[in-house]
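The lines below spell out each chain.
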Amino acid sequence: MASPEIKMSDINIEAQNGNHLDESDHNTELWNIFRKDRLPEESKWCVGFTDSFFRVFKILFYIFLFLVLIGGVIATRGSLQILASLLGDHEIYPTRTVTQDFISYLFFFIIAVPDIFKLFQSVSQFVFGNRDSPKCARFLMVMIREAVHLFGLGCLLFKVMPYLDPVQTCLVTLAVPVLPSIVNLISYCHRKACQLRKGIKKLFNLLSSICLIAAFVVLIFSIILRREERNTEKEPENVELLAWVVVSVISLSTRWIETYSFICRRFIEDKKDKRVSDKGYVTSHMCSSFLRIILLIILFPTLYCPEIRGINETYNAFIRMSSTNASGLLSPNCTEISKRISNDTNMNLSSTYLQNITIICKDEGISYRLGINSYVVHIIAAFLTTHFSVLACRLRMQVFGFALPLSLATPLYLILLIVLEETDVDFASNCLHLNAEYRWLLITGFMIGWVGQIWVCRHVWFKNRQDRLEFAQKLFVLPHYCSAFVDLALLHSRRKRNRSEMDYTKELEVPKTDTKVYICATMWHENRIEMKQILISIFRLDHHQFQYEFSKKDLKAKEKDYYTFEAHIPFDDAMETNKATNTRGPNDFVRQFMEIVNEAGCAFYKTKIMLDPPKKYVTPYGGRLEWELPGENKLVVHLKDKDKIRHKKRWSQIMYMYYFIGYELLMKECNPTTIANPNFDDMPSIFELLSDEIKQKAENTYILALDGDVDFQPEALQLLIDRMKINPKVGATCGRIKPKGSGPVVWYQRFEYAIGHWLQKSAEHMFGCVLCSPGCFSLFRVKALMDDNVMRTYATLPTEARHFLQYDQGEDRWLCTLMLQQGYKIEYCAAAEAITFAPEDFKEFFNQRRRWMPSTMANILDLLQSYARTTKVNPNISYFYVFYQIILFLSSVLGPSTVLLALESAIASVFGVEPWVAYLLTYGPTILFIFICLKAKTNTQLNIAIVLSAVYALLMMAVFVGTLVSIASEGWYTPTGMFFYILVGTFIIAGLLHPHEFGDLLWGVLYFICIPAGYLFLIIYAICNLNNVSWGTRENKTAVLEHSGQDRKKNKKKETEDEIDFVTTEMISGMIKQVKNSNLAETSCSEAFFSIFRWINNLVILKSLESVQNIFDKTKDEVDAVGDGQTVGKNSLFKSRRMKAPRPRRKSLDDSSWATENVGQSSPSKLEPLEERFWKDLIHFYLYPLEADKKKEEKDKEMLAELRNKVAFGFFFVNALWLAIMTAMNEAKYIINITITQPTGSPIVIEPLGFVFLVIFTVLLVLQFIGMVMHRHETLLHILSITKLKRRKTGDIREKIGLLAKDDVSYDSTSVNVKDEEEAIYCNEETIKRAAEDLAASRHAVPYRYEKRQKEAFNLRKTVRKKLNYQHNQDTLNRQRVGLQNRGFQSRE
């Protein structure tokens, strides 16, 4: 795309009717100054919930992350040091003390808790479908690495830390990265061997390793120089302690070698695209966690803590000694009586008794709460630090929210200890005491090592090219936390891009492709309001994309969210035939659309604009209109002629999918495949023969499927793209659909859509995959569509009865089913909102759901039947998720009978009637409605459904009263009451978690009383009309044209005159033919006269009738070809006669003249030969029009009727069986029951089957609620991640259009308008200022020269303005020269 620039040729900004008017013209046109579509701009998506609020919230979250991470690291280090000091203080005793054993068990759980947590997390991921097997080498590497790390961590905690002070412990943690730093140095030198410019970095890498080694040497020196005498034989000698230090440091460092070594990376990266693809990481983590727990259980009592007491014995002794210490009778650190206390629970611990036994205690007692509190603080602080650190990296807040706090936390921890030491504050019973000997030497060594670690971990300060909300597995080598040294684990686990020089060379060979989006909105019979809504959305998107284009190419900003787009609108059944002129062209709906294009542009830009007339193409499928939008993006309308290409929505989708993928992506590329003349049929996957560039384009190209009446914001599209970029296996993402309209039917749908998205789609997204990405607003990945068994299978014709329901009645759901069965994931993004018009009429609503319900059931059943293969190829669909969908499917099938049971129970309890009367009032109308739906016409069925829905809505109030009566009579804590509380509470909390949609809850009352309509009569109507495969909506609408005027009258008059001329010619020719064919020579004159009179009379009558029929009962699009291009009306009275007798030839049907109307060209624009061939081949193979075949139609009707009968019988039989069982169980509930006793009142008697059914519904509701809460958390993070603290530098196209509109350019040679330098023409002052600052920044990029940069920016503003005005003046002079040339040419004429 060229640099964005507003040209007068692109947009004609008119004063009135598209022409520039002089002053006199304005005076005469004052009567026509009144305007429309000047309403205030509607609020953007989530206004008040984003922008300023989220900027402030993000700043506060930055501060929160900084404080939590610093506080968490200080808390974990301090609490761990307290426990280690308590453990080391008890080495003076000859035998193990209770405190020593207790602290040892706390250390055991400090090591074990992260592994237990990781084990449960891995098992849950494994159960939910992620069951890929790792490579053997990778699996062995992980197992060995984790086992060695566990051994080193245990050695450090049990054998080293109890004998070191806090500064020495910090030095040990700085010594851990010594080995990774050496590996980093070697790896960097190997990778950059041929680059001399990298010598400085090599030097710094060497110096960082030296600094870390120096810190380690200082630690060893401090240990060697410590006093030689030992308090007890248990305290290790210096040599032994040094040995444990070296072993623990080397063992711990092996865990993070992978971060700095590209050699280890070879085990987990894909050999083709060099991406990290650790597919079996779940299995590896699950097995390694289990192995670490087993090893810890083995090593703990044997190597780390020999002769330790059992955990029960230690706990009992600890509890008794703790309680005794609270009474002041016993010092807590006692050894001799611990066994007696644990064995004799009745021992008298009086002071007299204690004086008669030998007790070894410390002089001062230590509170046991110190150990417990330290452990709890350590576990919580380590978990929160890890969680928010990972979160900061996922939100791309890692500089201030990750790297800075983790780097500063340890020095701040030491400073805090020094302050406490110098001020003589007794904190934690003096367990954080610093050794005065060699203190400052140790601190100096720590600072040297800290500087080296900062350089080694410098990659954590830079944002890699990962996308927002990236998975933690892709951000960290080990995303699970290490509780003992959380800051060390996070800094050295953060992944860095390590590749060899060969890998980088291969990466550079494939150019990076920008994200491209094809906007595809299918249209048919939309009205003016609906068309205008989608066009305004396209203009809005064009304006938004122009801002990115301007920012990236003109202001040279790094736009991560940059994308290009094209808008395409396939227009179904867009052509009609004019019999009078024998031409075929766009129908009234297309003309209506062409009227609304400029009207929508004026509505969005708030000024009168006229786009250039569209380019018109005659295509093999009909025609094409192509506009250029103000932002230089294309708007293409494909006019489908149903006589040339297959119509209806699914075939429109197939049409544009093959066009974008088959032609734009593959055929237009020079080298789309790796070899010449590839044979794709012999390959396991078509991607193996496609070039890397094509695969990358396919992954970064998306199709936004829309309906012709959708309103959406550009931010919604960006959110959908974000979801796709996070995971390449996401094939589609849908947004939150909001119905628009007025009336009770729309109000009902508002609550239905809200609950469906809040609960059901959120739960599907979190527990598995969304089953349906609606075609009204969904983003599809091109690479997923072109995969096997997706797009090609989607182009299959229905051959069985169920195919008609599954393929065409809900085409979007079937496409999603194909993608799920191929292994792709479908997600739901709640923050991406779109508005669509919903049915406002009861009958239209029922017809719409009559299509949706059978398609939904058929596709879910298809997915459940293929569960074995789907769960194998799709890691996001687990057996648990399949079972969840089975329960939902069965509950949907039993929905009508459940509603009837509730109604019958409410009538019997509220009105006190006999059971048989309640059965008759409830079941009688339902059975009658079933027979009506099976026998009566559709309109009759709908009329009866309206009446019954109204009557049963009144009965639903009885259900509500009956529920309250049941709760009040049986007790407030009955199962029915609990379910009612959970149901209402779930809805209210869901509304509170969606504050901008809370108003939709108000229609819950209407939804409740309409439950019989939606869950009883609608389902019956859909089941009984399975054989009706018509669309049901927008089938009988007409277009409304505003600017038809006299032209349509003239065209009508011309059509009538042409028709009369044609009839007259036919009359004369017919009469002559009959006279010639008659044998008048053998007849008398009178007979001949009467014969001629009779012929003329018959011709006149018949031709007149035919003329009237053709004029007033036109069927322009129903034309039958006859002979050599002759056309005959389908209902022609002379059809049979014309077929037999020749008539004067008429010219063939003209289907191209429409493309030259109102355009300054004699012939329509032509397609490229390659594209022309593509369309012909596509139509020939997949999209040829289906000819009417009465035998096939009758056969299809029979198959559909047979399917309807089978499904209806099975459905109603299952519901009747459920009704019979539940009724019988309810009658016998005093014999077969579940009795629940209450503290007050009589026991509750419940029939068991209904109780089980109620429990299942409650579990489903709770699961959906949990899924909703998890999804809301994810949505909050998503919105937070896209919130930018600084506004993007952009160019506002609307401001430029307004300035151009005010700029009255004169073509008079006497006036040369040259604008002053200080006047902003193309840009406002803010844009000029930003451009100048950007230019200054490029000249002075050094931070400390910021003031000079700012000062020079003001001078550069004049330079920028001068450039812009110079360009404008040149354009003005060029236009004046053109005007002078035209005037000179006219004067010569």
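Summarised in this report is the structure supplied together with it. Just so it is clear, the structure is predicted and the values come from calculations on it, not from any experiment. All residue numbers refer to positions counted from 1 along the written sequence of the respective chain. Predicted model: local features are reported for residues with pLDDT of at least 70 only, side-chain atom pairs are reported and counted for 80 or more only, and whole-chain, interface and lining totals are derived from all residues. Derived side-chain values reflect all non-hydrogen atoms in the structure, with water molecules and hydrogen atoms excluded from consideration.

**Digging into the overall build of the chain**
Inference 1: Only runs of H or I of at least four residues qualify as helices and only runs of E of at least two qualify as strands under DSSP, and these elements are numbered from the N terminus. The number of helices and strands found in the chain is 48 helices and 18 strands.
Inference 2: Exposure classes here rest on a 1.4 Å probe applied to the protein chains alone. A residue is buried below 20% of its type maximum, exposed above 50%, and partly exposed in between. A total of 1389 residues make up the chain; the buried ones form 51% of that total.
Inference 3: By definition in these notes, contact holds between two residues if any of their heavy atoms fall within 4.5 Å. Contacts in the chain between residues far apart in sequence, at least 24 positions, make up 80% of those at least 6 positions apart.
Inference 4: Carbon and sulfur atoms provide 61% of the accessible area of the chain, an area that totals close to 65500 Å². A 1.4 Å probe and the Shrake-Rupley method give the accessible areas. Residues count as covered only by the protein chains that appear here.

**A look at the side chain of serine 897**
Inference 1: When you line up the elements, serine 897 lands in helix α34 (residues 895–911).
Inference 2: Judged by its relative accessible area of 1%, serine 897 is buried.
Inference 3: In this structure serine 897 touches Asn1215, Trp1218 and Leu1219, once residues within four positions along its chain are discounted.

**Brief notes about the pattern of salt bridges**
Inference 1: The salt bridge criterion pairs a side-chain nitrogen of Lys or Arg with a carboxyl oxygen of Asp or Glu, the two atoms within 4 Å. All told, the structure shown has 44 salt bridges when counted by the stated rule.
Inference 2: With a shortest N-O distance of 3.5 Å, glutamate 576 and arginine 591 are connected by a salt bridge. Linking glutamate 576 in strand β4 (residues 575–578) with arginine 591 in helix α22 (residues 588–605), this pair joins segments that are 15 residues apart in sequence.
Inference 3: On the basis of relative accessibility, which here comes to 34%, the residue arginine 591 falls in the partly exposed class.
Inference 4: For arginine 584, the salt bridge goes to aspartate 641, with nearest N and O atoms at 2.8 Å. Here aspartate 641 lies in the loop between β9 (634–640) and α23 (649–667) and arginine 584 lies in strand β5 (residues 583–586), a separation of 57 residues in the sequence.

**A short note on a negative patch on the surface**
Inference 1: Candidate patch residues must exceed 30% relative accessible area and have no salt bridge, after which like charges are joined if within 9 Å and Val, Leu, Ile, Met, Phe, Trp or Tyr side chains if within 5 Å. Positive charge is attributed to Lys and Arg, negative charge to Asp and Glu, and no charge count is given to His or to the chain ends. Taken as the charge location is NZ of Lys, CZ of Arg, CG of Asp or CD of Glu. Together, Glu1187, Asp1189, Glu1193, Glu1194 and Glu1198 make up a region of like negative charge exposed at the surface.
Inference 2: Topologically, glutamate 1194 is positioned in helix α44 (residues 1190–1227).

**Things to note about the sheet that holds strand β10 (residues 701–707)**
Inference 1: Read across the open sheet, the 10 strands follow the order β7-β8-β9-β3-β2-β10-β13-β12-β14-β11; overall the sheet is mixed. A strand with exactly one partner marks an edge of an open sheet, and here the two such strands are β7 (615–619) and β11 (711–712).
Inference 2: Strands were regarded as paired on the criterion that DSSP finds at least two bridges between them. Bridging between β11 and strand β14 (residues 825–837) involves 2 bridges; their strand directions are antiparallel. Looking across to β14, one finds that phenylalanine 712 is bridged to alanine 834.

**A few points about the environment of cysteine 457**
Inference 1: Residue position: cysteine 457 is located in the loop between α17 (439–456) and α18 (472–475).
Inference 2: Each C-alpha atom of the pair cysteine 457 and serine 181 lies 9.1 Å from the other, and the pair is 276 residues apart in sequence.
Inference 3: The contact partners of cysteine 457, leaving out residues within four places of it in the chain, are Tyr260, Leu491 and His492.

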